[in-house]
Amino acid sequence: MLDLEVVPERSLGNEQWEFTLGMPLAQAVAILQKHCRIIKNVQVLYSEQSPLSHDLILNLTQDGIKLLFDAFNQRLKVIEVYDLTKVKLKYCGVHFNSQAIAPTIEQIDQSFGATHPGVYNSAEQLFHLNFRGLSFSFQLDSWAETPKYEPNFAHGLASLQIPHGATVKRMYIYNGNSLQDTKAPLMPLSCFLGNVYAENVDVLRDGTGPSGLRLRLLTAGCGPGVLADAKMRVFERCVYFGDSCQDVLSTLGSPHKVFYKSEDKMKIHSPSPHKQVPSKCNDYFFNYFTLGVDILFDANTHKVKKFVLHTNYPGHYNFNIYHRCEFKIPLAVKRDSADSQTETCTTYSKWDSIQDLLGHPVEKPVVLHRSSSPNNTNPFGSTFCFGLQRMIFEVMQNNHIASVTLYGPARPSSQLRTSDLPQ
């Protein structure tokens, strides 16, 4: 049984690990993976058709804990303990819930002190007692009648007509005064861990198409032992097609991983595949997982030839490998009665709305199957890739965009085609 410390408006954890409000989804998953022998039976709950309409939930079924992440920014918004019999809880080092201590109304009063009068929800038959950043729900279905009290004459918990022995059914940790209005806070400094994160990414374009990226970056601290005095720093960096490998390293820093492309399986879609001979060297990616960006370099010139922006939607094969890239892409839209105008595509745009702006692609989509080995199947199904304005949109079956691949200016001897897909 887990023994955890409750910190209102901040976290739930112990000396080894801590679930902190505002932490990215990937960090919470990393904690669960590292302690998989202790924390077992974790469910990932999300809406398959409308992933932005409901919170993304990690349900620790063995421990009675739910971690609710904001559907948009994918940071931890609410920590819910829905079964207090499966976990030990303490506040300021003193237990208020364990096998020997029942979390009664008297125990909560003793451990946390007085607060404002609670709220009774007759539909749920739950009595909600709220502190700042912390709420308790008491089960009242065993009562003979609903609780009675006069708010104008209530003075703390003692004035509420709650029978002795009423125990906590659920506990919530959140940011602010109201559970209903709470939002995921900004990422705490303790969660940066020496990494750089992208607040947003703007796609730059010239007259013909994308020309590069402008990234607004966040970082804090520069090593162990400095977090006490660390402050978040915000700065902007730009990378362009044609930048050298050294340019990108000096602009964005070292990538998390360097990936060398294997033989290009999509060459069969090129105009003359029989003329292509195996290359002696392979193009390579710089993978920036916390930015949600991949950068492809040409093997011969070592210059940028492709950017890949990842949206990290649940239900995609690469889910939780990359942090969500909050991108904005200007799209050139031609109107019948006016000059071309510019519309914006974002991480949350749906493919139907993009097609309405740009028109349907001339070529049919290429179906992209992903699997880690020939014997493995992709449980999430295939995606469809459409090419428009030197960009390839990878579209999921729920109409959301899984990734956008940006290409530099076409070489004089080659022609950009939809079939030139990310590998």
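A quick note: this is a predicted structure, and the numbers were derived from the prediction, not measured.

A.B. asks: Tell me about the overall build of the protein chain, and name the residues and values.
C.D. replies: Of the regular secondary structure elements, the protein chain holds 4 helices and 26 strands. The buried share among the 423 residues of the protein chain stands at 47%. A separation threshold of at least 6 residues defines the contact pool for the protein chain, and within that pool the share at least 24 residues apart is 54%. Put simply, the protein chain shows about 22,000 Å² of open surface, and 50% of that area lies on carbon and sulfur atoms.

A.B. asks: Please provide a residue-by-residue account of helix α3 (residues 245-252), values included.
C.D. replies: Within the span of α3, buried status applies to Cys-245, Val-248, Thr-251 and Leu-252. Projected down its long axis, α3 shows its buried positions confined to an angular sector of 135 degrees, all on one face. What points out from α3, more than 90 degrees from its buried face, is the exposed set Gln-246 and Ser-250. Looking at the packing, one finds that the buried side of α3 touches β15 (210-220), β16 (232-240), β18 (284-288), β19 (293-297) and β20 (304-310). Positive phi shows up at Gly-253, right after α3, with a value of about 90 degrees.

A.B. asks: Could you give an account of a nonpolar patch on the surface, with specific residues and numbers?
C.D. replies: Together, Val-44, Tyr-46 and Phe-380 line one region of the surface with nonpolar side chains, adding up to about 250 Å² of accessible area. Inspection of the secondary structure puts Val-44 in strand β4 (residues 42-45).

A.B. asks: An account of the sheet that holds strand β2 (residues 11-13) is requested, with residue identities and associated values reported.
C.D. replies: Taking strand neighbours across the sheet as the criterion, the 5 strands line up as β3-β2-β1-β8-β9 in an open arrangement whose pairing is mixed. Edge positions in the sheet fall to β3 (18-20) and β9 (94-97), since each of these pairs with one other strand and no more. Adjacent strand axes in the sheet meet at a mean angle of 30 degrees, parallel and antiparallel pairs treated alike. When strand β8 (residues 87-91) meets β9, the two strands line up antiparallel, connected through 3 bridges. Residue pairing for β9: Tyr-91 is matched across the bridge by Val-94. The strands touched by helix α2 (residues 105-112) are β8 and β9; relative to β9, the strand with the most contacts, the crossing angle is about 155 degrees.

A.B. asks: Please set out the sheet that holds strand β11 (residues 126-131) residue by residue, giving values where relevant.
C.D. replies: With respect to topology, 8 strands assemble into an open sheet ordered β4-β5-β6-β7-β13-β12-β11-β10, the strand pairing being antiparallel. Either end of the sheet is taken by a strand with one partner, and the two such strands are β4 and β10 (119-121). Averaged over all neighbouring strand pairs, the angle between strand axes comes to 20 degrees, with direction disregarded. Lying on the sheet, helix α1 (residues 25-34) is in contact with β4, β5 (56-60) and β6 (65-69); it crosses β5 at an angle near 15 degrees. Lying on the sheet, α2 is in contact with β11, β12 (134-139) and β13 (168-173); it crosses β12 at an angle near 165 degrees.

A.B. asks: Lay out the packing of aromatic side chains in plain terms, naming residues and giving numbers.
C.D. replies: Scanning all chains against the criterion turns up 19 aromatic pairs. Both rings, one in Tyr-91 and one in Phe-112, keep their centres 4.5 Å apart while their planes meet at 25 degrees; by these two values the pair is stacked. With Tyr-91 in strand β8 and Phe-112 in helix α2, this pair connects stretches of sequence that are 21 residues apart. Taken together, a centroid distance of 6.4 Å and an interplanar angle of 75 degrees make the contact between Phe-286 and Tyr-288 edge-to-face. Taken together, the aromatic side chains of Tyr-91, Phe-96, Phe-112, Phe-131 and Phe-136 make up a single cluster linked through ring pairs. The ring centre of Tyr-82 lies 5.4 Å from the NZ or CZ of Lys-66, which sits over that ring. Just above the ring of Tyr-313 sits the side chain of Arg-324; from NZ or CZ to the centre is 4.5 Å.

A.B. asks: Could you give me a rundown of the pattern of salt bridges, with the residues and numbers involved?
C.D. replies: Evaluated as defined, the whole model comprises 9 salt bridges. Close ionic contact of Glu-80 with Arg-170 constitutes a salt bridge, the shortest N to O distance being 3.4 Å. Linking Glu-80 in strand β7 (residues 76-81) with Arg-170 in strand β13, this pair joins segments that are 90 residues apart in sequence. Judged by its relative accessible area of 10%, Glu-80 is buried. Overall, the relative accessible area of 24% leaves Arg-170 in the partly exposed class.

A.B. asks: Quick rundown of the pairing of strand β21 (residues 327-333)? Include the residues and the values.
C.D. replies: Of all 7 residues making up β21, 5 are buried, and the element is well covered by its neighbours. Of the pairings in the sheet, the one linking strand β14 (residues 197-205) to β21 comprises 2 bridges and is parallel in character. Residue pairing for β21: Val-201 is matched across the bridge by Phe-327. Where β21 meets strand β22 (residues 341-346), 6 bridges bridge the pair, whose relative direction is antiparallel. Within β22, the residue paired with Ala-332 across the bridge is Thr-342.

A.B. asks: Can you lay out the side chain of Gln-27 for me, pointing to particular residues and giving the numbers?
C.D. replies: Tracing the chain through its elements places Gln-27 in helix α1. In this structure Gln-27 comes out as buried when scored by relative accessible area, which is 14%. Non-local contacts of Gln-27, meaning those with residues more than four positions away in its chain, are made with Cys-191, Leu-193 and Tyr-197.

A.B. asks: Now, about the nonpolar core: what can you tell me, with residues and values included?
C.D. replies: One finds Phe-19, Leu-67, Leu-89 and Phe-136 to be the most contacted residues of the largest nonpolar core, which totals 45 residues. For this core, the element with the most residues is α1, which contributes 5 residues. Apart from residues no more than four positions distant in its own chain, Leu-67 is found in contact with Phe-19, Ala-28, Leu-56, Ile-57, Leu-58, Leu-60, Leu-76, Val-78 and Ile-79. Residues Leu-215, Val-248, Leu-358 and Ile-401 belong to the second largest nonpolar core, which totals 39 residues.

Conventions and cut-offs
Residues numbered from 1 in each chain as written. Predicted model: local features only at pLDDT ≥ 70, side-chain atom pairs only at ≥ 80, totals over all residues. Heavy atoms only, no water. Helix = DSSP H or I, 4+ residues; strand = E, 2+ residues; numbered from the N terminus. Buried < 20%, exposed > 50% of the residue type's maximum accessible area, 1.4 Å probe, protein only. Contact = heavy atoms within 4.5 Å. Areas by Shrake-Rupley, 256 points an atom, 1.4 Å probe, with all protein chains shown as cover. Arc of directions from axis to C-beta. Patch = residues over 30% accessible without salt bridge, like charges linked within 9 Å, V, L, I, M, F, W, Y side chains within 5 Å. Salt bridge = Lys/Arg side-chain N within 4 Å of Asp/Glu carboxyl O. Pairing = 2+ DSSP bridges. Axes fitted to C-alpha atoms, helices over the stretch in contact; angles between N-to-C directions. Phe/Tyr/Trp six-rings, centres within 6.5 Å; stacked < 30°, edge-to-face > 60°. Lys NZ or Arg CZ within 6 Å of the ring centre and 35° of its normal. Core = buried A, V, L, I, M, F, W, Y, C linked by side-chain atoms within 4.5 Å.

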